[in-house]
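Each chain is listed here by its residues.
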Amino acid sequence: MTAAPDPHPFLPPLTRRSFLGGVGAATATLAALAAGAPRAFATSAGTVLPLVTPLPAGAPDRTAFDPHEQVFASYLMILAPLANSVVDDDPERYGWMEDGWWRSPNEPFNSRIMEHVATLSWFYAHARPWNPYHLDPNLLGRLDAALTYYLGLQHDDGSWPEYRWEEHGLASTGFGTVALSATLRDLIAVGALPDRRTEIEAAIRASSAWLVDLARPHWALPVQYANQVVAGLAGVAQAATVLGDPSLSAALPDRCALLLEQGQAPAGYFHEPLAYDAGYNFDVMLPDLGDLYAHTEDPSVVELARRWARWFGYVVVLEPGETYGFHVAAASARNATTTFFPRPGDATDRVALGRVFLPLVPELGAFYSPTEEKTAARAAWSVSPDPVEPRAKQDTSPRLYMHVPQAPAGVDADERDARVAQLPYLRDDTFTEVREGTIDQHVVFVRRPAYYLAGQYGVRPYNRQRMGPALLWHPEAGTVVLTLNNFTDDSWNTIAATGVESARSAVVATHHDGPDAAGPEIPRSELHAYEGVFTTRYVTEDGTITTDVAHWHDGIRRTVSAAGAARDQLPLVLRDGDELALADGTPVAPGGDATATTSGLVLTRAGVRFVFSWGTDLPVTLTATDRVFFPDASRRQHVLTVAHAGTLTTEITAVRLAELEPGELAVAATAHAVRNGDRHRTAVHVTNLEDGPVAITIRSSAGSRTHDGVAPGAGVYELFDSSRPVRHVVVSATAGGPVTVRRIRL
C-alpha cells in the first residue's frame, strides 16, 4: 500500500461552536448574515492550499472506463472545480465547499453541502487509468480541509445541521453518515490522514447512535419522512461495516421492523411526511432500502419493498404497448410529478440500487430498464464521439456514483415485459381497489372494460396534493385526462365563484351502490370486491361543492353542484395525431387555443372516440399549456374549461369506432353484467353519435326501456336487476327512418 504524502499546511479552522461563540470577525460575519448582506462566493485562488489541476482538454477517454464505472466520468469532469471550491483564505469558513455544487441553501451551516468529501476521497483513493487524481497531494490537502470543516459542524449529540446552525437534522445526519463512512473506507484503503480517520470514526459512531435512538424526534410515531430514516439506517449499516463493529448496527433489526409497522401506510407507500411522494419513494428511499438490505439482509426490509411494489403497480400507468407512462401525480405530496420512464443511461439512473430486490420482489421488474437496454446504453456511451458532459451544479448527488457500480443487473426484456403484463390494470379489465392512508386519505382505483380511473379523497394537509378523480386511461388510447400537482390550472377541478376548488380542498367522500348517491352506502372495506356500477360522492370541507362520480363500464358521469356560478376544469392529455372537434363537428387543432359555445367535445385517438358531453350549449375554452411530456414531447396538457351556473353533468364515454357499422345510425351500445350477492346486475349504456336526436329502446330478459329524443352526444344509462343472469341485450335506435339494431351478447 502506498502511503499518502502529508497534506499542505492550512489555516486552523473554526468549528461550528467557535463560530457561534466567537467575537470580533465571527460576530461581524453573523451580523452581516442577519442583515442579508450580499456575499461573493468564489472558487479558491489557491493562496493557501494549492489548486487541483483541471483535466486536460479532451479528457477523459470514454473507452478507458469499465462499463459499470462510466457513471464516474461526469463527476471526474467536476472534480477539480469541486475540490477548488474549498475555502482556504477565510478562517471563519476554512474548509467549506462554497460554490453551490450540492444542496441548498448554499450557506455555511448546511452540512449536506459537505457530503462531497466522499467524492474527493473516492478519486483520491481509487487508481484507474482515467483518474489522474489518484494520490494527488493537492486533492488530499483540500479533502483534509473540507473534513475539518465538516466534522466541526457536528453537534455534541452526533447530529448535523442543514437549514440553520442550531438544527439537529435527520437528512443531514443520515446522508452525512453515509458520506463519511465512504470517506473513511477510502482513507483506510490508502492509509491517508490517520488523525482525521480517528475523528471520522468518532463522528460516525456518535451519529449512528443518534440515528437509532428511539428518543429522538424522527422516531415519533407514526414515523415521518421515511426516506430520511432509511438513509440513516443505511448509514449506520455502512458505518458498522467500515469499522468492522457489528455492535454498532445491533439495533437495526428492531428499527427496520418498527419502520415496517410505522413508516409505511396501509396503502403500501412510504411516508412523506405521512402521505405518498413518487420521487422520494422510488428515486430515494427504494435505492437506500436496497443499500440497507445489501448490508443487513433484514426480512423487514424485503417486506417494505414488497408492499410498496404492489402500490406502485397502481400509480404508474403505462401507455399502451409501452414501458413509459404517467404517475398518478395528484397523490404526490412533496415533489412535482408527471411522467414515468426508465432511464438506462447510468448518468440518470438514480433508482439503480433498487434492483437489489428484483429476485425477491419480482413485481419490481416492470419498472427498470432491462439488461439489454442497459448494456446497449453503456456500449453507446463508450463509443460516442461527444465530450463527456460535466454534472451540473445541484445535480451532483454522491448517491448516484455510490449506487450505480454496485447495483446488480436487471431482468432481461422478456422478463420485464412479463412483469409489465401483470400490472393490475393490464392484467384485469374489471376491479375496484381501495388503498388506505395512514392519515384520513384513501385512493380508489377503478378498472372497467373501457377505462382505468384513479382518484384520491380525504384530508389535504399538503399543498401539492389534489383531491377527486385524477387520471383517466384507456387500454388502447392511453391516458386522456391527467391531474398534475405543480400548477394552478393542472387539476380535474370545479372552481366556485368564491374561489373554493374541489381539487384543492379537503373532501369527505362516500361510495354508493348504483348510478347515483341515493343508493345505499358501500363501506370502504367492501368496495374492493365491487365490480358493478357505483357512485362516489365527495364534498368540500366547507360544503360549497358536491361532486358525484358514477362509474359505469364504458365511462363515467360527473355531476357537480356548487353554491352559485362555477367553472369546471378538465386537464386533457393530447398527443400527436389526435383529432379534436366540438360537438357540432367543428374541428379544433390540438396545440392551439379555442373558445366556443358548445355542448361537448369529441376526441378521436387510436380507433377510439372519447365523447365529453355536458348536454347543453355552454361557453368553453381550450388552452394549450407549455407542459409537454416524454423525451419526444409527443403529449401536451390542454386545459378544457366549462363555465356554468352551478350545476353541471359531464359524461365521458369511450367508443370503439370498429364497433360502428357503416351505413347505420352512429349509435354506440355496450353492456356489462356482474353478480351482486344473489342478484344479477346488467348495466347498459347507449351513446348517440349522430348530429340529431334519436329514439332508443333497450330490451333484455330483465325488462325493456325506451327513451325518445336522445340529444346528440348524450347517453342513455340503464341498470337492470334480476334474479337470473341476462344473456342478451338488444338496442334499437331510430331517427324517424330505418331502425339500427345492436345485439350484445353477455
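Note: the structure precedes this text.
Residues numbered from 1 in each chain as written. Predicted model: local features only at pLDDT ≥ 70, side-chain atom pairs only at ≥ 80, totals over all residues. Heavy atoms only, no water.

Caption draft 1: Examining the overall build of the protein more closely. When helices and strands are counted, the protein shows 17 helices and 27 strands. Relative to its length of 746 residues, the protein is compact, with a C-alpha radius of gyration of 30 Å against a globular reference of 27 Å. Seen along its three principal axes, the alpha-carbon backbone of the protein occupies a region of about 100 × 55 × 50 Å. Burial status across the protein gives 58% buried among its 746 residues. For the protein, the separation between the mean place of its 60 positive charges and that of its 86 negative charges on side chains is 4 Å. (Helix = DSSP H or I, 4+ residues; strand = E, 2+ residues; numbered from the N terminus. Rg over C-alpha atoms; globule rule 2.2 N^0.38 Å. Buried < 20%, exposed > 50% of the residue type's maximum accessible area, 1.4 Å probe, protein only. Lys, Arg positive; Asp, Glu negative; His and termini not counted. Charge placed at Lys NZ, Arg CZ, Asp CG, Glu CD.)

Caption draft 2: View of the sheet that holds strand β25 (residues 715-722). Spatially, 3 strands are ordered β21-β22-β25 in an open sheet, and the strand pairing comes out antiparallel. The open sheet has two free edges, formed respectively by β21 (667-676) and β25, since each of these has just one partner strand. Between one strand axis and the next, the sheet turns by 15 degrees as a mean value, whatever way the strands run. Where strand β22 (residues 679-688) and β25 come together, 8 bridges link them in antiparallel fashion. Each residue of the ladder has a partner; that of threonine 687, found in β25, is glycine 715. (Pairing = 2+ DSSP bridges. Axes fitted to C-alpha atoms, helices over the stretch in contact; angles between N-to-C directions.)

Caption draft 3: Representation of helix α15 (residues 413-421) within the structure. Inspection of α15 places Ala413, Arg416 and Val420 among the buried residues, and these make up the whole buried set. In a view along the axis of α15, the buried residues occupy a sector of 60 degrees, so they form one face of it. For α15, the elements touching its buried residues are β1 (316-318), α13 (371-383) and α16 (424-427). Among the residues of α15, the N-terminal cap falls to aspartate 412, whose side-chain oxygen and the backbone nitrogen of aspartate 414 are separated by 3.3 Å. (Arc of directions from axis to C-beta. Contact = heavy atoms within 4.5 Å. Polar contact = N/O pair within 3.5 Å; in protein donor to acceptor, adjacent residues only side chain to side chain.)

Caption draft 4: Spatial organisation of the packing of aromatic side chains. For the structure shown, the criterion picks out 39 aromatic pairs. Seen in terms of ring centroids, phenylalanine 312 and phenylalanine 340 are 6.2 Å apart; in terms of plane orientation they differ by 80 degrees. Their pairing is edge-to-face. Of this pair, phenylalanine 312 sits in helix α12 (residues 299-315) while phenylalanine 340 sits in strand β3 (residues 339-340), and the two are 28 residues apart along the sequence. For the pair formed by phenylalanine 312 and phenylalanine 340, the shared burial category is buried. An aromatic cluster is defined as three or more aromatic residues linked by ring pairs; in this entry it consists of Tyr269, Tyr276, Trp311, Tyr314, Tyr425, Phe431, Phe445, Tyr452 and Trp473. Here the basic side chain of arginine 627 rests over the ring of phenylalanine 487, its NZ or CZ set 4.2 Å away from the ring centre. (Phe/Tyr/Trp six-rings, centres within 6.5 Å; stacked < 30°, edge-to-face > 60°. Lys NZ or Arg CZ within 6 Å of the ring centre and 35° of its normal.)

Caption draft 5: Seen up close, the pattern of salt bridges. The tally for this structure, following the rule as stated, stands at 45 salt bridges. Among the ionic pairs, glutamate 199 bridges to arginine 196, the shortest N-O distance being 2.9 Å. Of this pair, glutamate 199 and arginine 196 both sit in helix α8 (residues 194-212), separated by 3 residues, roughly a single helical turn. The shortest N-O distance in the salt bridge between glutamate 303 and arginine 306 comes to 2.9 Å. Highlighted residues: glutamate 303 and arginine 306, both in helix α12, separated by 3 residues, approximately one helical turn. On the basis of relative accessible area, arginine 306 is assigned to the partly exposed category, the value being 23%. One network of salt bridges, in which partners are shared, links Asp346, Asp349, Arg355, Lys374 and Arg378. (Salt bridge = Lys/Arg side-chain N within 4 Å of Asp/Glu carboxyl O.)

Caption draft 6: Highlighting the packing of helix α5 (residues 117-125) against helix α6 (residues 137-152). As a packed pair, α5 and α6 sit with axes 10 Å apart at the nearest point and diverge in direction by 150 degrees. Classified by the interaxial angle, the pair formed by α5 and α6 is roughly antiparallel. When you trace α5 past α6, the crossing you get is left-handed. Residues Val117, Leu120, Ser121, Phe123 and Tyr124 of α5 form the contact with α6, whose own contacting residues are Leu139, Leu140, Leu143, Ala146, Leu147 and Tyr150. Considering only residue class, the contact of α5 with α6 consists of 10 nonpolar, 1 polar and no charged. (Parallel < 35°, antiparallel > 145°, perpendicular 65-115°, else oblique. Left-handed = near helix turned anticlockwise from the far one by under 90°. Nonpolar A, V, L, I, M, F, W, Y, C, P; charged D, E, K, R; others polar.)

Caption draft 7: Layout of the nonpolar core. Grouped together as the largest cluster of nonpolar side chains are 144 residues, with contacts concentrated most on Phe123, Leu289 and Leu364. If near-sequence neighbours (up to four positions away) are discounted, phenylalanine 123 is found in contact with Phe72, Tyr75, Leu76, Leu79, Trp130, Asn131, Tyr133, His134 and Leu139. In this structure, Ala477, Ala509, Leu580 and Phe610 belong to the second largest nonpolar core, which totals 43 residues. (Core = buried A, V, L, I, M, F, W, Y, C linked by side-chain atoms within 4.5 Å.)

Caption draft 8: Spotlight on the sheet that holds strand β2 (residues 325-327). Read across the open sheet, the 3 strands follow the order β1-β2-β3; overall the sheet is antiparallel. In this open sheet, the two strands that pair with only one neighbour each are β1 and β3.

Caption draft 9: View of the side chain of arginine 466. Tracing the sequence through the fold places arginine 466 in the loop between β6 (451-458) and β7 (468-474). With relative accessibility at 3%, the residue arginine 466 sits in the buried group. Side-chain polar atoms of arginine 466 contact the backbone oxygen of asparagine 463, separated by 2.9 Å. Those residues in contact with arginine 466 that sit more than four places away from it in its chain are Ala330, Gln456, Arg460, Thr483, Leu484, Asn485, Asn486, Phe487, Asp490, Ser491, Ala503 and Arg504.

Caption draft 10: Region of interest: the pairing of strand β18 (residues 608-629). Two elements, strand β17 (residues 594-605) and β18, share 11 bridges in a ladder whose sense is antiparallel. Considered in β18, the bridge of leucine 603 is made with phenylalanine 610. With antiparallel pairing between neighbouring strands as the criterion, β17 and β18 make up a hairpin whose turn holds 2 residues, including alanine 606 at a positive phi of roughly 55 degrees. Of the pairings in the sheet, the one linking β18 to strand β19 (residues 635-644) comprises 7 bridges and is antiparallel in character. Note on β19: the bridge partner recorded for phenylalanine 629 is arginine 635.

Caption draft 11: Quick peek at unusual backbone geometry. Of note, the amide linkage connecting alanine 59 to proline 60 takes the cis form, showing an omega dihedral of 0 degrees. Relative to the assigned elements, proline 60 resides in the loop between α2 (25-34) and α3 (72-76). Here the amide bond leading from leucine 221 into proline 222 is cis, since omega sits at -5 degrees, within 30 degrees of zero. Backbone geometry places leucine 135, a non-glycine residue, at a positive phi of 60 degrees. Following the sequence through the fold, leucine 135 ends up in the loop between α5 and α6. For leucine 135, a relative accessible area of 19% puts it in the buried group.

Caption draft 12: Highlighting helix α11 (residues 278-296). The terminal C-alpha atoms of α11, which comprises 19 residues, lie 25 Å apart, in line with the 27 Å expected from a rise of 1.5 Å per residue. Maximum bend of α11: about 35 degrees, positioned at methionine 285, with proline proline 287 one to four residues after it. Of all 19 residues making up α11, 14 are buried, and the element is well covered by its neighbours. With a side-chain oxygen lying 3.2 Å from the backbone nitrogen of glycine 279, the N-terminal cap of α11 falls on aspartate 277. Where α11 terminates, the next one or two residues include glutamate 297, which has phi positive at roughly 50 degrees. (Expected span 1.5 Å × (residues − 1). Bend = angle between axes of the 7 residues up to and from the residue.)

Caption draft 13: Examining the packing of α8 against helix α9 (residues 226-243) more closely. Contact geometry for α8 and α9: axes closest at 9 Å, N-to-C directions at 140 degrees. By the angle between their axes, α8 is oblique relative to α9. Here α8 and α9 pass one another in a crossing that is left-handed. Contacts from Glu201, Ile204, Arg205, Ser208, Leu211 and Val212 of α8 reach α9 at Gly232, Leu233, Val236, Ala239 and Leu243.

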